[in-house]
Amino acid sequence: MAYETIIVDTADDVATIRLNRPDALNALNQMLLNELCTALEEADASDKVRCIVVTGSEKAFAAGADITEMADKSYVDMTAQAYFQNQSRRIEQIRKPIIAAVSGYALGGGCELAMMCDFIIASDTAKFGQPEINLGVIAGMGGTQRLARYVGKSKAMDMNLTGRFMDAEEALSSGLVSRVVPAKKLMEETQSAAQKIAAKSLLASMAAKDAVNRAFETTLAEGLNYERRTFYGLFATQDQKEGMAAFQEKREAQFRDK
Ligand code: HXC
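Not measured: the values here are computed from a predicted model.

A. Focus on the domain arrangement of the chain. For the chain, the assigned domains read domain 1 (6–198) and domain 2 (201–249). Counting from both sides, the interface comprises 9 residues of domain 1 and, opposite them, 7 residues of domain 2. For the pairing of domain 1 and domain 2, the buried interface totals around 720 Å² over both sides, and the portion due to carbon and sulfur atoms is 57%. The largest share of the area that domain 1 buries against domain 2 comes from Arg-50, Arg-95 and Arg-149, three residues that together contribute 52% of it. In this structure, the connection of domain 1 to domain 2 is made through 1 salt bridge. The salt bridge partner of Asp-118 is Lys-209, with a shortest N-O separation of 2.9 Å.

Take a look at the structure:
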């Protein structure tokens, strides 16, 4: 499918979706988010994809929601259009693992989009922030909720109230990102992580994603029950038999997603 604001490249079981509005530092407008959702859904449904990467440019993952698109909207417009709510839900429904590869600015909606992915690999140039407070508003796609879960109350408050940016090192030490790599190695390192994931049983990786996400929606006891039932359920798959037989036979497992 031809897109105007993103570039999709699928190779070796990995779909890489690059945000591509260079003149606006990949600011998220309706078209970009709709195209991103469509590409994610296509990747989720494709038997050629076992892991998804979302990335931007070297200068910006995304500098936030498009301020030009929002500036003249009224409360009624935002509410009637449920601005970006539908797209947020569509991204949350994706079942395959999604890695965000972040270089440069990931601000406002850009930081929120990165946090909607399953984990974030950052280049050493990455800068995260929720600067909406400088525009007289607040975060609207998870910057007060997901950020608090990633980094805790104190830092989430700091980021949302001062609008300051967090560099890659601080993002790593506070748990917002899982690893930091030199800018030049960002895509190589991300592709290698994606390849590792793509080599697993997709049934197991989707179950792992689903179960970890459950941790943020429920009590520990309920979450542990959910995990246990999901774990038992995987014993109904051929991939479990193959994975454990391969271990015993000291060979690589050949998963078939069955
Ligand atoms: C629209 C944007 C933009 C944005 C940058 N641009 N961010 N356009 N929306 N969020 C445009 C600029 O207007 C400029 O266009 C071009 O991109 C390059 O940006 P510069 O500002 O010239 O670059 P630089 O000086 O390097 O500064 C980079 C920056 C700054 C620090 C990232 O652009 C910035 O502060 N951007 C806004 C960040 C922000 O407030 N984000 C939160 C948005 S609200 P021209 O045409 O002038 O060259 C949000 C709400 C989410 O995200 C919730 C939704 C439900």
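Still more to cover.
B. Fine view of the environment of Asn-34. The residue Asn-34 is located in helix 1 (residues 30–45) in this model. Sequence spacing of Asn-34 and Asn-86 is 52 residues, and the spatial spacing of their C-alpha atoms is 9.3 Å. Setting aside residues up to four positions removed in sequence, Asn-34 forms contacts with Gln-87 and Arg-90. For Asn-34, the side chain forms a polar contact with the side chain of Gln-87, separated by 2.9 Å.

C. Quick peek at helix 7 (residues 153–162). Where helix 7 is concerned, the buried positions are Ala-156, Met-159 and Asn-160. Summarising the axial view, the buried residues of helix 7 lie within an arc of 90°, below the 170-degree limit, and thus occupy one face. Counted as exposed and oriented over 90 degrees from the buried face of helix 7: Ser-154 and Leu-161. Tucked into the core, helix 7 has its buried residues touching strand 8 (127–129), helix 6 (146–151) and strand 9 (165–167).

D. Structural detail: the pattern of salt bridges. Per the stated rule, a full pass over the model turns up 11 salt bridges. Here Asp-66 and Arg-21 are joined by a salt bridge, their closest N and O atoms 2.8 Å apart. You can see Asp-66 sitting in the loop between strand 4 (60–62) and helix 2 (67–70) and its partner Arg-21 sitting in the loop between strand 2 (14–19) and helix 1, a full 45 residues away along the chain. Between Arg-251 and Glu-242 there is a salt bridge, and its shortest N-O distance comes to 2.8 Å. Given a relative accessible area of 37%, Arg-251 falls into the partly exposed group. On the accessibility criterion, Glu-242 (17% relative accessible area) is buried.

E. Representation of the sheet that holds strand 5 (residues 98–102) within the structure. Strand order across the open sheet formed by 6 strands is 1-2-3-5-7-10, with mixed pairing between neighbours. Because the sheet does not close on itself, it has two edges, and the strands there are strand 1 (6–11) and strand 10 (179–181). On average, each strand axis in the sheet is inclined to that of its neighbour by 20°, with strand direction left out of account. Bridge analysis of strand 7 (residues 119–123) against strand 10 gives 3 bridges, and the strand direction is parallel. Among the inter-strand pairings, Ala-122 is bridged to a residue of strand 10, identified as Val-180.

F. Region of the structure containing the state of the cysteines. Evaluated as defined, the whole model comprises 0 disulfides. Note on Cys-51: no disulfide assigned, nearest cysteine sulfur contributed by Cys-117 at a separation of 10 Å. Of all cysteine sulfurs in the structure, the one in Cys-117 sits closest to Cys-111, which takes part in no disulfide; the separation is 11 Å. The class for Cys-111 is buried, based on a relative accessible area of 2%.

What counts, and where the lines are drawn
- Residues numbered from 1 in each chain as written.
- Predicted model: local features only at pLDDT ≥ 70, side-chain atom pairs only at ≥ 80, totals over all residues.
- Heavy atoms only, no water.
- Domains from an automatic or database assignment.
- Contact = heavy atoms within 4.5 Å.
- Buried area = accessible area lost by both parts, 1.4 Å probe.
- Salt bridge = Lys/Arg side-chain N within 4 Å of Asp/Glu carboxyl O.
- Helix = DSSP H or I, 4+ residues; strand = E, 2+ residues; numbered from the N terminus.
- Polar contact = N/O pair within 3.5 Å; in protein donor to acceptor, adjacent residues only side chain to side chain.
- Buried < 20%, exposed > 50% of the residue type's maximum accessible area, 1.4 Å probe, protein only.
- Arc of directions from axis to C-beta.
- Pairing = 2+ DSSP bridges.
- Axes fitted to C-alpha atoms, helices over the stretch in contact; angles between N-to-C directions.
- Disulfide = S-S within 2.5 Å.

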